Amino acid sequence: MNYSQYTVHSPQTLNEALGILKEKQSEVRLIAGGTDVMVLIKDGVLKEKELLNLSYLDELKYIREDGNIIKVGALTTYRELEKSSVVNLSAPILVDACKTIGATQIQNLGTLAGNLGNASPAGDSLPPLYVLNANVKLQSAESERIIPVSEFFLGPRKTKRAPNELITEITIEKAKPGLHYFFKKLGLREANAISLVSVACIVDLDKDKKINSIKLALGAVAPTVMRAVKSEKLATGRQLDLNLIDEIARGVSEEISPITDIRGSTEYRRRAAYGLVYEGLYEALMGTAKRVSGGIEGVY
Amino acid sequence: MEEELEQKYKSITRSVPRVDSEPKVSGALKFITDMKIENMLFAAVVRSVHAHARILSIDTREAEKISGVKAILTYKDIPGLNAYGAIVPDAPVLAYDRVRYYGEPVALIAADTEELAREAASLVKIEYDPLPVIRSIDESIASSAIALHDNGNIARHTIIKRGDTERAKQEAYLTLDRTYRTPFQKHMFLEPEGGVAYIDESGIINVFAGGQSPYRDKLQIARSLNIPPEKIRTVDYPTGGAFGGKDDVTVQIHLALLAYKTGKPVKLWFSREESGVAGYHRTGSEIHLITSVDKEGGLLSNEAQIYLDTGAYQSFGPTILDVSIETINGPYRIPNYTINANLVYTNNGFSSAFRGFGAPESNFAIESMINELAAELHLDPIDIRLKNILMTGEEGPFGNTVRHSDGLREALMRAKRSKIWAGALQNKKPWQRNGVGIAVAIKGVGFGTLPDYPTAAIEIATEGKVKIMFSNVDYGQGINTGNAQLVAEKLDIPLNQVEVRHADTKYSPDTGSSSASRSTFTSGNALLMACSKALDRLKMEACLYFGTTNEKLEYKEGRFYYKDKSASIYELAKGLKARGETLRFESTFEVPRYPAPIEGTLEVPHVVYMYGTMLSSALLDELTGKVHINQVEFYADIGTVINPSIASGQIEGGIVQGLGFAITEDLKYDASGKPINNNYTTYIVPSVRDVPDIYVEFIDSSEELGPYGAKGVGEISIIPAGASAAHAVYNASGKWVRDLPLLPWKLI
Ligand SMILES: Cc1cc2nc3c(=O)[nH]c(=O)nc-3n(C[C@H](O)[C@H](O)[C@H](O)COP(=O)(O)OP(=O)(O)OC[C@H]3O[C@@H](n4cnc5c(N)ncnc54)[C@H](O)[C@@H]3O)c2cc1C
């Protein structure tokens with residue numbers, strides 16, 4: 001592999017980075033952990049001849065608590081998220097997802113912003129971000145704006161990011177203590193597998209197992225990660241029992257629009273989505289699903 | 001048992017660390033493809049972009065214009081035979097009039113840098129006239145099919161018969177008629193095919209390349225370059241994995257040709273994707289069985305139609321077909337059988353040797369059939385096997401006398417008592433189903449009736465070391481360590497006095513290839529003979545030294561004793577050396593074999609067989625169809641275990657590779673004959689997290705023909721994995737999957 005054909009810019013500050021981006025726009029490709037970009041380079045399909053290396057931007061490596069919000073700097077790696085106590089306490093569903101991404105080496109390098117920037121419908125951190133009402137902060141030399149993650153993606157590999165913009169921060173809402181949650185991923189092996197289907201769900205059950213609210217997001221079953229809004233609506237306010245679980249899981253499998261590729265057919269993905277939703281909700285019903293602890297140890 | 005052995009032996013039967021583990025673990029070891037030589041050129045291969053086409057023209061003019069390009073070779077530049085192939089040389093070294101698989105080599109480039117070589121390769125213009133692509137066995141044998149070779153589309157066809165299957169079927173209580181299929185499997189060694197070649201001062205072409213058969217490679221190179229084999233040296237250590245995929249020539253002829261033509265050192269190293277399209281794979285199989293039993297489950301007859309897809313060329317195909325013939329009756333007593341076996345050409349890449357060599361394909365069929373018969377008859381799958389397996393001393397299915405099958409019987413008895421056979425898993429979720437499966441395997445050690453005369457040598461070095469030399473390549477399986485242990489045992493010296501000279505035709509005599517689970521048996525025996533020869537000679541030298549005659553000497557711990565005097569083998573070697581005598585002792589072992597193959601075969605039967613019994617416990621998710629094998633027990637009869645930890649590693653590795661074959665690995669070609677999944681992302685080999693709990697037990701057994709009673713180990717555990725896993729899944733789901741792999745969509 002000949003990397004010398006690429007011009008690499010390695011800014012030391014965010015301002016410097018935004019300056020380069022302002023000048024180069026789509027001539028330059030952003031590179032963070034490089035776990036997607038390096039694959040493109042190796043396959044000879046990267047169009048850009050210049051790289052904007054973000055890895056020195058220490059100011060974008062942080063996880064901060066701000067009231068009900070967790071702010072995650074764009075360059076935070078999966079491993080850092082997995083180790084963070086606030087994320088474990090208030091957004092553990094994201095931790096579960098991070099642990100399924102690639103394997104140890106990828107988790108050490110890969111960043112949350114990279115997963116967003118890559119915009120694969122199979123990105124595994126994305127369904128949890130959807131159910132955590134995440135917002136994506138985009139910054140340019142001139143301005144900044146915030147877009148809900150559910151509006152950020154336009155299709156496979158397509159986002160609303162303008163060529164002069166950088167994702168600088170992702171904010172997520174803390175999940176309330178006591179909520180049930182699950183992240184389930186179906187791949188063909190236990191590590192380094194691309195999702196055939198993934199499901200993230202946070203459900204608020206009252207004492208009598210009535211669904212106060214439910215959020216369900218699915219990966220790899222549509223051009224972008226999607227919330228199963230119809231099924232969420234159908235479930236809200238109803239008593240969780242085996243019949244309802246079946247109804248919700250069926251609803252989800254109908255609501256999605258998966259494609260057929262070498263990893264699986266449309267038909268199979270629908271059935272697998274049914275299975276994952278069923279299994280997760282069953283565990284919630286039986287009280288064996290995980291619950292958000294919110295830092296109040298020993299309560300749940 | 002282990003304690004007893006520990007008293008009996010000093011070096012063998014012990015799990016000593018590998019002789020090359022330290023440099024491998026620390027990373028200090030350089031693999032062959034790490035080699036760099038000053039002024040080395042880099043090679044690239046121009047490959048066919050059609051799976052089947054006529055070549056109309058090859059235009060290299062644009063490529064020649066690139067400065068830094070030192071050679072562009074086509075078929076016209078091959079001085080000798082433009083063909084290779086271990087058994088039948090039917091594959092062109094460089095295609096001339098026609099290409100038969102996607103990725104087939106058409107031209108070679110050598111240039112100053114890898115990038116220039118690849119750029120020049122992209123500029124070679126080849127005009128093709130596409131021909132119909134044959135994508136399956138069915139398409140290949142259809143009467144309307146275009147012929148892929150002059151001899152048609154069936155590379156080899158044979159029928160072997162015994163008894164009267166028609167009558168047996170009529171008298172049978174139950175006859176099942178089933179078709180089983182197995183996919184192509186890629187070797188996926190961590191080090192893709194590659195190497196370096198250069199010409200030394202004496203004009204010898206040195207070819208350093210990952211391989212398994214230094215001498216056969218050398219002959220194939222010589223044949224294509226039209227130079228004497230003495231002008232070629234091949235070195236194969238250290239190779240980063242092979243599994244059969246480097247048994248036939250990969251880069252060796254191309255490398256030698258480029259070095260020969262340019263006079264410069266050249267490196268050629270496949271990328272992972274290149275290995276994916278141009279490297280070999282296991283034969284795909286379709287096996288049709290009609291098998292009959294009596295009411296008690298006694299096997300009466302077996303009618304087998306075997307089709308193996310060899311892809312575009314034969315390589316080892318004819319002998320792979322033989323092994324599939326030999327294993328289609330399992331280790332069972334089957335009085336009547338007909339085996340109709342066919343090796344079929346297609347445009348599905350290029351099949352060659354792969355661990356098990358036709359046996360995993362046949363085993364999936366016959367062992368699944370036995371499990372289906374047991375289920376139909378409501379018999380315990382272990383009992384039906386115990387009823388039918390051949391006993392020691394009985395006549396085998398191919399006229400051979402069965403030696404040592406007691407290990408298999410013992411293994412089945414132990415399997416029956418095992419925890420996983422008895423118990424279903426606890427704490428299952430409602431959608432999880434658990435099932436246990438079994439399959440047994442038999443595999444011959446070595447080349448059957450083919451003449452095999454492996455030679456090995458030892459040298460008593462006066463500085464206190466014994467050097468040992470053989471041509472079996474240590475590509476990770478540990479043969480260097482096992483052989484060092486055998487020699488240390490025989491010479492009664494500490495292991496650290498044994499130094500292994502790795503596979504290199506400059507030093508190593510021809511012991512043949514590392515394949516067919518034969519290395520320990522062949523080089524081990526030859527080395528033990530060489531040790532005896534050395535001891536005999538040194539004893540005479542000791543007599544001279546002590547001024548006595550033979551009978552009065554004792555030998556112990558590397559020294560000859562006479563009264564109160566003693567001398568080490570190294571001291572005595574000095575005496576020999578001083579008189580200019582050789583310190584190198586070479587011996588050739590005659591591998592025991594039947595004088596001729598049975599009619600219709602090339603090498604059936606073998607004299608020595610290994611056996612394995614595999615229990616698998618499957619956890620099936622009924623809602624997603626996903627299968628996880630969570631526990632495996634393996635009982636192996638491999639004779640004396642020279643190094644238990646290395647042998648267990650071989651068994652475990654084979655199980656995991658076998659479970660990949662069983663569950664996720666599925667090499668596919670698209671409509672144009674191009675492979676779809678050619679890297680680790682798309683071709684799903686198991687990760688370490690997919691590995692089940694594995695329990696390995698060696699059955700106490702000893703094969704007198706082997707070195708200290710050893711047989712072989714490399715292939716036995718991959719063979720039953722497919723049928724064992726499929727049976728476990730049947731017991732979990734009630735579904736027989738007869739076409740591997742056990743992908744989730746086949747199970748919901
Ligand atoms: C072996 C392997 C296994 C993998 N397994 C998984 C898996 O299981 N699940 C999964 O979801 N992914 C997986 N991936 C993909 C990859 O690891 C993730 O998408 C990861 O999050 C990418 O992060 P990165 O920092 O490495 O991104 P990079 O490769 O650096 O960049 C990815 C994309 O995001 C853009 N980008 C990076 N930073 C920013 C920014 N701050 N603002 C705007 N755009 C930006 C880049 O331009 C590029 O388009 C795997 C990759 C490999 C190589």
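Residues numbered from 1 in each chain as written. Chains lettered and ligands numbered in written order. Predicted model: local features only at pLDDT ≥ 70, side-chain atom pairs only at ≥ 80, totals over all residues. Heavy atoms only, no water.

Peer 1: Please give an account of the pattern of salt bridges that cites residues and values.
Peer 2: The tally for this structure, following the rule as stated, stands at 59 salt bridges over all chains. D96 of chain A is the partner of K290 of chain A in a salt bridge, and the nearest nitrogen-oxygen pair spans 3.0 Å. In this pair, K290 of chain A is assigned in strand β15 (residues 290-291) and D96 of chain A in helix α5 (residues 92-98), connecting sequence segments 194 residues apart. When its relative accessible area of 18% is taken as the criterion, D96 of chain A is described as buried. The partner of E622 of chain B in a salt bridge is R433 of chain B, with the nearest N and O atoms 3.1 Å apart. Here the residue E622 of chain B occupies a position in the loop between β24 (609-621) and β25 (627-637), and R433 of chain B occupies one in strand β16 (residues 432-444), the gap between them amounting to 189 residues. A relative accessible area of 36% means that E622 of chain B is categorised as partly exposed. Overlapping salt bridges, with partners in common, bring together R47, E114, R118 and E274 of chain B in one network. (Salt bridge = Lys/Arg side-chain N within 4 Å of Asp/Glu carboxyl O. Helix = DSSP H or I, 4+ residues; strand = E, 2+ residues; numbered from the N terminus. Buried < 20%, exposed > 50% of the residue type's maximum accessible area, 1.4 Å probe, protein only.)

Peer 1: I'd like to hear about the sheet that holds strand β3 (residues 50-53) of chain A, residue by residue, with values.
Peer 2: Residue and element names in this part refer to chain A. Pairing within the open sheet is parallel, and its 3 strands lie in the order β1-β3-β2. Looking along the sheet, the strands with just one partner apiece sit at the ends: β1 (7-9) and β2 (28-31). For this sheet the average axis-to-axis angle between neighbouring strands, irrespective of direction, equals 30°. Alignment of β2 against β3, held across 4 bridges, turns out to be parallel. If you follow R29 over to β3, its bridge partner there is L51. Taken strand by strand, helix α1 (residues 14-24) contacts β1, β2 and β3, and its axis lies near 160° from that of β3. (Pairing = 2+ DSSP bridges. Axes fitted to C-alpha atoms, helices over the stretch in contact; angles between N-to-C directions. Contact = heavy atoms within 4.5 Å.)

Peer 1: Give me the side chain of E665 of chain B: which residues, what numbers.
Peer 2: Residues and elements named next belong to chain B. You can see E665 is positioned in the loop between α18 (644-663) and β26 (693-698). Comment: no salt bridge for buried E665; closest opposite-charge side chain is R282, at 7.7 Å. Polar contacts involving the side chain of E665 include one to the side chain of Q185, which spans 3.2 Å. Once residues within four sequence positions are removed from consideration, E665 is found in contact with P183, Q185, K186, Q657, G660, Y683, I684, V685, P686 and P741. (Lys, Arg positive; Asp, Glu negative; His and termini not counted. Polar contact = N/O pair within 3.5 Å; in protein donor to acceptor, adjacent residues only side chain to side chain.)

Peer 1: Which residues make up the interface of chain B and chain A, and what values go with them?
Peer 2: Taken residue by residue, the interface counts 24 residues in chain B and 26 residues in chain A. Taken together, chain B and chain A are joined by 3 salt bridges. For E273 of chain B, the salt bridge goes to K42 of chain A, with nearest N and O atoms at 2.9 Å. One can count 9 residue pairs in polar contact (both at pLDDT 80 or more) joining chain B with chain A. Grouping the amino acids of the side of chain B that touches chain A by side-chain chemistry returns 12 nonpolar, 5 polar and 7 charged. (Nonpolar A, V, L, I, M, F, W, Y, C, P; charged D, E, K, R; others polar.)

Peer 1: Give me the lowdown on helix α15 (residues 479-491) of chain B, citing residues and values where you can.
Peer 2: Residues and elements named next belong to chain B. Here α15 is 13 residues long and its end C-alpha atoms lie 18 Å apart, about the 18 Å a rise of 1.5 Å per residue gives. Counting buried residues in α15 gives 12 out of 13 residues, a clear majority hidden from the surface. Those residues of α15 that sit buried are I479, N480, T481, G482, N483, A484, Q485, L486, V487, A488, E489 and L491. Downstream of α15 by one or two residues, D492 has phi in the positive range, about 55°. (Expected span 1.5 Å × (residues − 1).)

Peer 1: Can you break down empty space enclosed by the protein residue by residue, with the values?
Peer 2: Across all of its chains, the model carries 5 cavities of 30 Å³ or more by this definition. Around the largest cavity sit 19 residues that line it, and L188 of chain A together with V627, I663, T664 and D690 of chain B are the ones nearest its centre. Listing elements by their share of the lining of the largest cavity, those giving two or more residues are β25 and α18 of chain B. Per-element accounting of the lining of the largest cavity gives the leading share, 4 residues, to α18 of chain B. (1 Å grid on protein atoms, 1.4 Å probe; cavity = no way out; pocket = protein on both sides within 12 Å on 5 of 7 lines; lining within 4 Å. Points joined across faces, edges and corners; volume = space filled by probe spheres on them.)

Peer 1: Outline the site of the ligand, listing residues and values.
Peer 2: Residues and elements named next belong to chain A. Within the structure, the ligand sits among 31 residues, and L30, A32, T35, D36 and Y78 are positioned closest to it. One of the backbone nitrogen or oxygen atoms of G33 is found 2.7 Å away from an oxygen atom of the ligand. Within the side chain of K185, a nitrogen or oxygen atom sits 2.9 Å from an oxygen atom of the ligand. When the free accessible area of the ligand is taken as 980 Å², the share hidden by the protein chains comes to 89%. When contributions to the shell around the ligand are tallied by element, the ones reaching two or more residues are β2, α2 (37-42) and α7 (112-118). (Near = heavy atom within 4 Å. Areas by Shrake-Rupley, 256 points an atom, 1.4 Å probe, with all protein chains shown as cover.)

Peer 1: Please provide a residue-by-residue account of the environment of N348 of chain B, values included.
Peer 2: Residue and element names in this part refer to chain B. The topology assignment puts N348 in the loop between β15 (336-345) and α11 (359-377). Along the chain, N348 and S672 lie 324 residues apart, while their C-alpha atoms are 9.9 Å from each other. For N348, the residues in contact, after removing those within four places along its chain, are I134, R135, S136, F184, H281, D309, G311 and Y669. At 2.9 Å, the side chain of N348 and the backbone oxygen of R135 are in polar contact.

Peer 1: I'd like to hear about the pairing of strand β10 (residues 166-173) of chain A, residue by residue, with values.
Peer 2: Residues and elements named next belong to chain A. Counting buried positions along β10 yields 7 of 8 residues, so the element is predominantly enclosed. Where strand β5 (residues 69-73) and β10 come together, 5 bridges link them in antiparallel fashion. Residue pairing across strands places V72 opposite I170, the latter belonging to β10. One ladder, built from 5 bridges, connects strand β6 (residues 135-139) with β10; its direction is antiparallel. Each bridged residue has a counterpart across the sheet, and for L138 the counterpart in β10 is I167.

Peer 1: Before we move on, can you summarise the domain arrangement of chain A with the specific residues and values?
Peer 2: Residues and elements named next belong to chain A. What the domain assignment lists for chain A is domain 1 (3-53), domain 2 (58-173) and domain 3 (180-288). Just the C-alpha atoms count here: the centres of domain 2 and domain 3 sit 21 Å apart. Approximately 1800 Å² of surface area, both sides summed, lies buried where domain 2 meets domain 3, with 67% of it carried by carbon and sulfur atoms. Together, P121, Y130 and V131 form the three largest contributors to the area buried by domain 2 at its contact with domain 3, with a combined 30%. At the junction of domain 2 and domain 3, the tally comes to 1 salt bridge. Salt-bridge contacts for K185 lead to D124; the nearest nitrogen and oxygen are separated by 2.8 Å. Here domain 2 and domain 3 share 7 residue pairs in polar contact (both at pLDDT 80 or more) between them. (Domains from an automatic or database assignment. Buried area = accessible area lost by both parts, 1.4 Å probe.)

Peer 1: Go over the nonpolar core, please, and point to the residues and values.
Peer 2: Counting residues in hydrophobic clusters, the biggest one holds 140 residues, and the most contacted among them are I339, I458 and V466 of chain B. Of all the elements, helix α16 (residues 519-546) of chain B adds the most residues to this core, at 11 residues. Counting the residues that make up this core, at least three belong to each of domain 1 (2-30 + 453-588) and domain 3 (284-448 + 596-746) of chain B. Those residues in contact with I339 of chain B that lie beyond four places of it in its chain are T158, I159, I160, A304, I306, I325, I328, N329 and F398 of chain B. Counting residues in each nonpolar core, the second largest holds 42 residues, with I70, V95, A134 and F183 of chain A among its members. (Core = buried A, V, L, I, M, F, W, Y, C linked by side-chain atoms within 4.5 Å.)

Peer 1: Could you give me a rundown of the sheet that holds β15 of chain A, with the residues and numbers involved?
Peer 2: Residues and elements named next belong to chain A. Strand order in the open sheet made by the 5 strands is β14-β13-β12-β11-β15, with antiparallel pairing throughout. Lying at the two open borders of the sheet, with one neighbouring strand each, are β14 (226-227) and β15. Here strand β11 (residues 180-186) pairs with strand β12 (residues 197-205) via 7 bridges, running antiparallel. Looking across to β12, one finds that F182 is bridged to C201. Contacts from helix α11 (residues 242-255) reach β13 (211-219) and β14, with the element oriented near 35° to β13. Along the sheet, helix α12 (residues 266-286) contacts β11, β12 and β13; its crossing angle with β11, the most-contacted strand, is approximately 150°.

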